[in-house]
Amino acid sequence: MPYAKIVATGAFLPEKVVTNADLEKIVDTTDEWIRTRTGILERRVSSPDEPSSLLAANALIDALDSIGMDKHELDFILVATVTPDMAFPSTACWIQKRLDINQIPALDISAACSGFMYGLSMARAYIESGMYKNIAVIGVEELTKIANWEDRSTCVLFGDGAGAVIVQATEDESDGRILSNYLGADGRYGSLLMKEAEGTVNPATHETIDKKMHYITMEGQETFKQAVRVMKSSSVEALKRAGLKEEDLDLVIPHQANIRIIDALAQRLKVDYSKVQVTIDRYANSSSATIPIALNEANRDGKLQPGNHVLMVAFGGGLTWGSTVVRW
Ligand code: ACO
């Protein structure tokens, strides 16, 4: 049976940096509030001529280039996003067009901030079943384009970016590989995090625009509580499925939504903070892109050595959650 191994990572971040001081000029907020309540110092913001597919294509090219892989070797493109270029065609298809690699299947996954975890599990299943050999899994998001810039309780939280990995079949059991995945969802909490309009419940009208229903809404405190709960339980479950314990971990890459959620997870898992990858200070919350961007930074900084055990764990709108344990 083939195993699924992450053989390359890549990322792309828009150049434009927006600091907390910049936001002080737009909404009634302070650098101190944002810093202490969220851990965010600045975020990247895409320009109008940088759609999600552009960020994603650049992240994928970065991953391919890092191992000198020919784009024609890819046989599937999976893209986690809730900020697609448009409702359809999928962002995955637009990325395929940008890379000029026709014919291979291309699909978007909608699981909010957990989307990249869902994508990794799908890539693993396709590879272990023998159906495909080289799958690109991308997390890309442009939440700044669906944020309400008049709502200080949400707009300060988000940033744009893309991260990509290439998951490849390996026959060698002792090689690095994805050891376990765990996914879950609870639709009863759906209203905690939403973009209500522009779907079949509320098709776009002047009224939906006037009521600002095309922007993200969030019940912050309840989301926070659920996040801490599911981040811990899904970490424990993925470790169990991998036959590992918390002390076996070399690196934890949590979804970057709030530094206080990350701290709470590290404490509950009793993992030394030096083993936790943090990017929220520079990139804020880029939903499904936070984990592949952080994974790429860890990889490029030499923090991932063969044999290392890495836990990735996310939660997001839905409510959804997911975790992955990898032997690098
Ligand atoms: N600047 C200044 N004051 C603010 C701001 C701001 N940007 N935002 C809110 N406040 C005020 C509030 O109005 C409130 O004032 P009041 O006490 O006078 O009413 C006060 O600060 C406290 O507000 P809370 O909402 O209680 O603040 P809290 O400590 O809960 O932090 C936060 C809010 C950061 C949103 C937190 O709840 C959180 O991180 N929640 C989880 C967010 C998350 O994980 N989202 C999931 C991912 S997003 C996605 O999936 C697309």
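## Brief notes about the environment of L244
Among the secondary structure elements, L244 is positioned in the loop between α8 (220-242) and β11 (251-254). In this structure L244 touches L179, L239, H309 and V325, once residues within four positions along its chain are discounted.

## Some points on the site of the ligand
Near the ligand lie 24 residues; those nearest to it are T29, R37, C113, Q221 and N258. One of the backbone N or O atoms of R152 is found 2.9 Å from a nitrogen atom in the ligand. Coverage of the ligand by the protein chains reaches 74% of its 1000 Å² of free accessible surface. Breaking the shell around the ligand down by element, the ones donating at least two residues are α2 (31-38), α6 (152-155), α8 and α9 (259-269). Ranked by the residues each element gives to the shell around the ligand, the list is headed by α8, at 4 residues. For the shell around the ligand, a count of residues per class yields 11 nonpolar, 9 polar and 4 charged. Here the shell around the ligand spans two domains, since at least three of its residues come from each of domain 1 (3-170) and domain 2 (177-327).

## Considerations on the pairing of strand β4 (residues 76-80)
Most of β4 sits inside the fold, with 5 of its 5 residues counted as buried. Going residue by residue along β4, you find F76, L78 and A80 tucked away on one face and I77 and V79 tucked away on the opposite face as well. As judged from the 5 bridges shared by β4 and strand β6 (residues 134-142), these two strands associate in the parallel manner. Within β6, the residue paired with L78 across the bridge is V137. Two elements, β4 and strand β5 (residues 106-109), share 4 bridges in a ladder whose sense is parallel. From the neighbouring strand, I77 faces β5, where its bridge partner is A106. Where the polypeptide runs from β4 across helix α4 (residues 91-99) and back to β5, its parallel neighbour, the crossover connection is right-handed.

## Details of α4
The set of residues buried in α4 consists of T91, A92, I95, Q96 and L99. One side of α4 carries all its buried residues, which in axial view fall inside an arc of 145 degrees. For α4, the secondary structure elements touched by its buried residues are α3 (52-66), β4, β5 and β6. Just downstream of α4 lies D100, where phi reads positive at about 55 degrees.

## Examining the sheet that holds strand β8 (residues 177-185)
In space, the 4 strands of this open sheet follow the order β8-β13-β12-β11, with mixed pairing throughout. Looking at strand neighbours, the two that pair on one side only are β8 and β11, the edges of this open sheet. Averaged over neighbouring strand pairs, the angle between their axes works out to 10 degrees when direction is ignored. Of the pairings in the sheet, the one linking β11 to strand β12 (residues 309-316) comprises 4 bridges and is parallel in character.

## Comments concerning the nonpolar core
One finds V156, V252, I261, L311, F315 and V325 to be the most contacted residues of the largest nonpolar core, which totals 42 residues. When residues of this core are traced back to their parent elements, those giving at least two are α8, α9, β12 and β13 (320-327). Examining the composition of this core, we find that 7 residues originate from one element, α9, more than from any other. Apart from the residues within four sequence positions on either side, L311 is in contact with S235, A238, L249, L251, V252, I253, L269, S323, T324 and V325. F76, M117, I178 and W328 belong to the second largest nonpolar core, which has 30 residues in total.

## Some words on the layout of surface pockets
If you add up the space inside the second largest pocket, you get close to 170 Å³. Around the second largest pocket, the lining comprises 14 residues; the ones closest to its centre are K5, I6, V7, N299 and W328. Those elements giving two or more residues to the lining of the second largest pocket turn out to be β1 (3-12) and α11 (290-300). For the lining of the second largest pocket, the element with the highest residue contribution is β1, accounting for 5 residues. Residues of the lining of the second largest pocket, tallied by class, amount to 6 nonpolar, 4 polar and 4 charged. Residue contributions to the lining of the second largest pocket reach at least three from each of two domains, namely domain 1 (3-170) and domain 2 (177-327).

## Brief notes about the domain arrangement of the protein
When the domains of the protein are assigned, the result is domain 1 (3-170) and domain 2 (177-327). Inter-centroid distance (C-alpha atoms) of domain 1 to domain 2 is 14 Å. Taken together, the contact between domain 1 and domain 2 spans 54 residues of the former and 47 residues of the latter. Interface of domain 1 and domain 2: buried area, both sides summed, is about 4000 Å²; carbon and sulfur atoms make up 63% of it. When residues of domain 1 are sorted by the area they lose upon contact with domain 2, C113, M117 and I146 head the list and together hold 16% of the total. For the pair domain 1 and domain 2, the interface holds 2 salt bridges. Across the pair R300 and D62 runs a salt bridge whose closest N-O atoms are separated by 3.4 Å. Our count for the contact surface shared by domain 1 and domain 2 stands at 25 residue pairs in polar contact (both at pLDDT 80 or more). Those elements that provide at least two residues to the side of domain 1 that touches domain 2 are β1, α2, β3 (42-44), α3, α5 (115-128), β6, α6 and β7 (160-170). Looking at which element gives the most residues to the side of domain 1 that touches domain 2, the answer is α5, with 8 residues. Across the side of domain 1 that touches domain 2, the residue classes tally to 26 nonpolar, 17 polar and 11 charged.

Cut-off values and rules
Sequence order as written defines the numbering, with residues in each chain counted from 1. Only residues with pLDDT of at least 70 get local features here, since the model is predicted, and only at 80 or more are side-chain atom pairs given and counted; chain-wide, interface and lining totals rely on the full set of residues. Based on all heavy atoms of the structure, the side-chain values leave hydrogens and waters out of the count. The way it works is that DSSP assigns letters per residue, a run of H or I at least four long becomes a helix, a run of E at least two long becomes a strand, and they are numbered from the N terminus. Residues count as neighbours in contact if any of their non-hydrogen atoms are within 4.5 Å of one another. By convention in these notes, a residue is near a molecule or strand provided one of its non-hydrogen atoms lies within 4 Å of it. Between N or O atoms, a polar contact is any pair within 3.5 Å; within protein, one atom must be a potential hydrogen donor and the other a potential acceptor, and residues adjacent in sequence are included only when both atoms are from side chains. The method behind every accessible area is Shrake-Rupley, applied with a 1.4 Å probe, and residues are considered shielded solely by the protein chains displayed. When residues are grouped by polarity, Ala, Val, Leu, Ile, Met, Phe, Trp, Tyr, Cys and Pro land in nonpolar, Asp, Glu, Lys and Arg in charged, and all others, Gly among them, in polar. Start and end positions for the domains come from either an automated domain assignment or a database one. Relative accessibility under 20% of the residue-type maximum defines a buried residue, over 50% an exposed one, and the middle range a partly exposed one, all with a 1.4 Å probe and only protein chains included. One requirement defines pairing of two strands: DSSP has to find at least two bridges between them. A clockwise path from the first strand over the helix to the second, with the strands pointing away from the viewer, defines a right-handed crossover. Comment: arc refers to directions from the helix axis out to C-beta atoms. Here an axis means a line fitted to C-alpha atoms, over the contact stretch when the element is a helix, while the angle between two N-to-C directions is reported on a 0 to 180 degree scale. Residues belong to a common nonpolar core when they are buried Ala, Val, Leu, Ile, Met, Phe, Trp, Tyr or Cys residues joined through side-chain atoms within 4.5 Å. Within this scheme a cavity is a closed region of a 1 Å grid, computed over the protein atoms alone, that accommodates a 1.4 Å probe without allowing it to escape, whereas a pocket is open but has protein on both sides within 12 Å along at least five of seven lines; lining residues each have an atom within 4 Å of a point. Grid points are joined across faces, edges and corners, and a volume is the space filled by probe spheres set on the points. Accessible area that two parts lose when put together, with a 1.4 Å probe and added across both, is what the buried area reports. Salt bridges are defined by distance alone: a side-chain nitrogen of Lys or Arg within 4 Å of a carboxyl oxygen of Asp or Glu.

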